[in-house]
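Given next are the chains, with one letter for each unit.
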Amino acid sequence: MNNFRFWSPTEFVFGKNTVKHVGELVKKQGGTKVLIHYGGQSAIRSGLLAEVENYLQNEFVEYVKLGGVQPNPVDTLVYQGIEVCRKENVNFILAIGGGSVIDSAKAIAAGVPYAGDFWNFFEGKVTINRALPVATVLTIPAAGSEGSPNTVITKEKERLKRGHGSPLLRPVFSIMDPVLTFTLPANQTAYGIADMMAHVMERYFTQTPGVETTDRLCEAVLLAIIKEAPLVLKEPENYDARANIMWAGTIAHNGICGAGREEDWATHGLEHELSALYGVAHGAGLAVMFPAWMQYVYTSGIDRFVQFTTRVWRIEATNDRKETALKGIRALKNFFSSLGLPVNFEQLGADKKDIDRLLQTLEINSGGTLGNFRKLDMADARAIYEIAASGN
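These numbers were taken from a predicted model, which means no experiment stands behind them. (Residues numbered from 1 in each chain as written. Predicted model: local features only at pLDDT ≥ 70, side-chain atom pairs only at ≥ 80, totals over all residues. Heavy atoms only, no water.)

**Q** Quick rundown of the overall build of the protein chain? Include the residues and the values.
**A** Scanning the protein chain for helices and strands turns up 16 helices and eight strands. Taking the principal axes of its C-alpha atoms as reference, the protein chain extends roughly 65 × 45 × 40 Å. Expressed as a percentage of its 392 residues, the buried residues of the protein chain come to 57%. Here the contacts in the protein chain between residues at least 6 apart in sequence split such that 77% fall between residues at least 24 apart. As displayed, the protein chain offers around 16100 Å² of accessible surface, 49% of which is attributable to carbon and sulfur atoms. Counting 39 positive and 42 negative side-chain charges, the protein chain places the averaged centre of each group 1 Å from the other. (Helix = DSSP H or I, 4+ residues; strand = E, 2+ residues; numbered from the N terminus. Buried < 20%, exposed > 50% of the residue type's maximum accessible area, 1.4 Å probe, protein only. Contact = heavy atoms within 4.5 Å. Areas by Shrake-Rupley, 256 points an atom, 1.4 Å probe, with all protein chains shown as cover. Lys, Arg positive; Asp, Glu negative; His and termini not counted. Charge placed at Lys NZ, Arg CZ, Asp CG, Glu CD.)

Given below as structure tokens:
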């Protein structure tokens, strides 16, 4: 096991009707003028936005609003948010929504006190030294952004999708009411399930030895998701199923599953190019790319893939280790398919003819190499995209 530091200061306020605490929580954290950041019309139609406004008013907390966050959030709205916050003397940001809204809120929070272009953070030119506090009211369990220090933004003009992280971007609190997810469409629920599973697997597939504790944590979260996912799709208003999925999404990406181990993240890099180019849901792209990545790299750490097969999918090992590893990969692919998720380019709406274009931006974003389980170059990336395109 590697040395590590783990710091997770977010206060999670979990359960039914917990949104009623939003005003007092903002006040407790010193918020006096809040930017309420949200996505499209769902927060308005559901009445959640008005409810949050009412609770802030009850605590005499002033606020301004900025909606319009889209899936795969873009830099243009971040610039707008930074300008609004500076003009209105905002000192606290409250995100109402899922990962895209929260990521946009984090980027705004980092950009407000910074004199330069916030995109400098995403290009690695500077580090985040100050940020406004961010809090969330989570409505879509998927990205884990409600408990993570990470944000991902797309530079709209160049279609460059990049991530950045800082401990200063961990939300100070996150309100998590599973009831708010009851009305999520089945496809959004499934995309979220693929996303949170990918967050675990990016950590699980490691070459770091001696990590039994975090192996078991990863496996437990995956097993819980595999159990609850079909139920939550069949019974959208099953509170316990929704609650378990929601909490799994947080645990998958708050860092606890990756403590003491080298993480991979090649698959996320490969997928970011798909969602940047086509605007597809991140979870849908991950459902296509993860089995393809696995199929390409499994011989570089076959014991871990055998462990994945036997512990996560409960498939008995045979004397043929390659066959056992491939059974686990097929099990994952079949599970994604059973949830209605795409498993190849055609189902995703991607085109094999665009692989050169995907590789062009991938090389810019990655610097030409990605991953740790097996170091990949652009020739490897091409081969993985081709596997994903064929679906075999």
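Here the narrative resumes, following the displayed structure.
**Q** Outline the pattern of salt bridges, listing residues and values.
**A** One pass over the structure, following the stated rule, counts 17 salt bridges. Among the ionic pairs, glutamate 212 bridges to arginine 311, the shortest N-O distance being 3.3 Å. Placement of glutamate 212 in helix H8 (residues 212-234) and of arginine 311 in helix H12 (residues 302-312) is noted, with a sequence separation of 99 residues between them. One salt bridge connects aspartate 215 with arginine 304, and the closest N-O pair in it is separated by 2.9 Å. Taken together, the positions of aspartate 215 in helix H8 and arginine 304 in helix H12 put the pair 89 residues apart, joining distant regions of the chain. Summarising the burial analysis for this pair, aspartate 215 and arginine 304 share the class buried. (Salt bridge = Lys/Arg side-chain N within 4 Å of Asp/Glu carboxyl O.)

**Q** I'd like a rundown of the environment of alanine 259, residues and numbers included.
**A** Assignment of secondary structure puts alanine 259 in the loop between helix H9 (239-253) and helix H10 (266-278). Given the relative accessible area of 12%, alanine 259 is considered buried. Along the backbone, alanine 259 and arginine 5 are 254 residues apart, and their C-alpha atoms lie at a distance of 7.6 Å. Beyond its immediate sequence surroundings of up to four residues, alanine 259 is in contact with Phe4 and Thr214.

**Q** Please set out unusual backbone geometry residue by residue, giving values where relevant.
**A** A positive phi angle, near 65°, is found at asparagine 17, a position not held by glycine. The exposed category is assigned to asparagine 17, whose relative accessible area is 52%.

**Q** Which residues make up the packing of H10 against helix H15 (residues 355-366), and what values do they have?
**A** At their nearest, the axes of H10 and H15 sit 9 Å apart, and the two run at 120° to each other. Accordingly, the angle class assigned to the pair H10 and H15 is oblique. The interaxial crossing formed by H10 with H15 has right-handed handedness. Contacts between H10 and H15 involve Gly269, Leu270, Glu273, Leu274 and Leu277 from the former and Arg357, Leu358, Thr361, Leu362 and Asn365 from the latter. Of the residues contributing to the contact of H10 with H15, the split by class is five nonpolar, three polar and two charged. (Axes fitted to C-alpha atoms, helices over the stretch in contact; angles between N-to-C directions. Parallel < 35°, antiparallel > 145°, perpendicular 65-115°, else oblique. Left-handed = near helix turned anticlockwise from the far one by under 90°. Nonpolar A, V, L, I, M, F, W, Y, C, P; charged D, E, K, R; others polar.)

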